[in-house]
Structure formats: C-alpha cells, structure tokens
Amino acid sequence: TQLLEQSPQFLSIQEGENLTVYCNSSSVFSSLQWYRQEPGEGPVLLVTVVTGGEVKKLKRLTFQFGDARKDSSLHITAAQPGDTGLYLCAGIRTGGGNKLTFGTGTQLKVEL
Amino acid sequence: GAVVSQHPSWVICKSGTSVKIECRSLDFQATTMFWYRQFPKQSLMLMATSNEGSKATYEQGVEKDKFLINHASLTLSTLTVTSAHPEDSSFYICSATSNADTQYFGPGTRLTVL
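Given the structure is predicted, the values throughout are model-derived calculations rather than measurements.

## Some remarks on the sheet that holds strand 7 (residues 61-65) of chain A
Residues and elements named next belong to chain A. Spatially, five strands are ordered 1-3-8-7-6 in an open sheet, and the strand pairing comes out antiparallel. Strands at the two margins of the open sheet, each flanked by one partner only, are strand 1 (5-7) and strand 6 (55-58). The average angle at which neighbouring strand axes cross in this sheet is 15°, direction not considered.

Right, here's the structure in full:
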C-alpha cells in the first residue's frame, strides 16, 4: 500500500493551461516536499512545507500543505514545455525519523 | 553547495556478476545516506538507510545479502548488487543528509543486467 497517492498519474496539456496535482494520505506528515525529476536524473527539490495550511509560491508554482498535514497540492499557472517532468511529493511521517516516503508520482507533459 | 555524485552513471553487466555503485557527498559530511530504486514510470522506493560506521537498515522486502551497503566514511556509501539478475535492472538513486530534514539526491545510476 502506497502511503502517498498522487493524482492524476499522467497529465498532458497545452502550453498556457493551468493544472493542479494532488498528493493525499491517511497519515500525518511532519513535513512534505515536492520534487521534479527529469528522465535519467535524480529528483530536484522544489519546496518543503512544514506547517498545516501553509502556502508557498515559487514563480508560477503554488504549493499548499493541508490543515491536517495529510495532503498537499501543487498548482502550476500558465504551464510551459519546460515544466514537463515527473512530479513527486514526499513526506516525513510524524515519528518516522528522517525517512522520506515518496508519492506515486505525476507525469506531466506540456506541449506547444 | 550540497552536491551528491554517483558513479558510475550507467552500467551494463552479465547475469550472475556483482556491481558496485558509489555515492559521494562532495562538499559536506553525510551522517546518513539513503538508497532508492526506481523502475520505469514509477516512483522512488526506499531500499535502505545507511549511517556512517554502522550497519544499514533495510526496508521490508529488500534482501540485505543481495544488496550490500557500506558507509565507511562521512562522504562515501557504496551499494553492491550481488549476483545480479535481469529483474535487478533499475535506476538506483542515493541521497545524503547531514541533518534530519534535507536530503540531497545524486544523479542516479542506470543498471542493466543482461
């Protein structure tokens, strides 16, 4: 059983569209991170959220941590082809030491 | 800062042979290193946690005798896939941390077992 479920699993959109990726769990996380990974490379950290209800913005990307710290979302405004990649949420469970649990992943493709 | 390297970046080996993958923290001392495996179109799955100077802790379902992990120094951890078989073909990624919160990921090693 995957602790962190992401939806959608795949997303193909046109340049300029907006999108939201969801990361859901029944477990509470002390912190949650979002990564983007390109083929053949390691994941690159985008953001870390630690407080329930927290919202962070990174240019066209907006990240939100759920009030109960069980879920998170990533919203991209005016997507560009450079946003194409595998988006992964990952969390440290409360009482889980420093082990990261990765979500199931969302493959995003942004076409011209 | 906080750069993690892996070597080799890709390796092809024959079934039954052993392969060693290195993970190095280049500009910081990593008290803990993690090893992940990623199959095509899937997410990262934690294999084991490696603390410098002590035995690695393996996740459920990961064979410790098949995936040998050594973390002999604060900047180097190695993963040896012993008696590799085609089903071991995967993308192996390490991460390193010097504190409890931030893991810095390596670029990954693509293993193909023929």
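## So, the pairing of strand 8 (residues 76-81) of chain B
All names here are of chain B. Counting buried positions along strand 8 yields five of six residues, so the element is predominantly enclosed. Relative to strand 8, strand 3 (residues 19-25) runs antiparallel, the two sharing six bridges. Its bridge partner lying in strand 8, Arg24 is registered against Leu76. Relative to strand 8, strand 7 (residues 67-73) is paired through five bridges, and the arrangement is antiparallel. Each bridged residue has a counterpart across the sheet, and for Asn70 the counterpart in strand 8 is Thr78.

## As for the state of the cysteines
Counting across every chain of the model gives two disulfides over all chains. The disulfide bridge from Cys23(A) ends at Cys89(A), spanning 2.1 Å between sulfur atoms. As the torsion about the S-S bond is roughly 75°, the Cys23(A)-Cys89(A) disulfide counts as right-handed. Here Cys23(A) is found in strand 3 (residues 19-24), whereas its partner Cys89(A) is found in strand 9 (residues 85-93), with 66 residues between them in sequence. The pair formed by Cys23(A) and Cys89(A) is uniform in burial state, with each residue classed as buried. Here Cys23(B) engages in a disulfide with Cys94(B); their sulfurs sit 2.0 Å apart. One disulfide, between Cys23(B) and Cys94(B), carries an S-S torsion of 80° and so falls in the right-handed class.

## As for unusual backbone geometry
Put simply, Ser7(A) and Pro8(A) share a cis peptide bond, and its omega is -5°. Turning to its location among the elements, Pro8(A) is positioned in the loop between strand 1 and strand 2 (10-14). Put simply, His7(B) and Pro8(B) share a cis peptide bond, and its omega is 0°. With respect to the secondary-structure elements, Pro8(B) resides in the loop between strand 1 (4-7) and strand 2 (10-13). Positioned with a positive phi, Lys59(A) is a non-glycine residue whose angle comes to about 55°. Overall, Lys59(A) belongs to the exposed group, its relative accessible area being 82%.

## Structural notes on the sheet that holds strand 3 of chain B
Residues and elements named next belong to chain B. Read across the open sheet, the four strands follow the order 1-3-8-7; overall the sheet is antiparallel. Either end of the sheet is taken by a strand with one partner, and the two such strands are strand 1 and strand 7. Each neighbouring strand pair of the sheet contributes to a mean axis angle of 15°, computed without reference to strand direction. Bridge count for strand 1 against strand 3 is four bridges, and the pairing is antiparallel. Pairing of Gln6 across the sheet is with Cys23, part of strand 3.

Definitions and limits used
- Residues numbered from 1 in each chain as written.
- Chains lettered and ligands numbered in written order.
- Predicted model: local features only at pLDDT ≥ 70, side-chain atom pairs only at ≥ 80, totals over all residues.
- Heavy atoms only, no water.
- Pairing = 2+ DSSP bridges.
- Helix = DSSP H or I, 4+ residues; strand = E, 2+ residues; numbered from the N terminus.
- Axes fitted to C-alpha atoms, helices over the stretch in contact; angles between N-to-C directions.
- Buried < 20%, exposed > 50% of the residue type's maximum accessible area, 1.4 Å probe, protein only.
- Disulfide = S-S within 2.5 Å.

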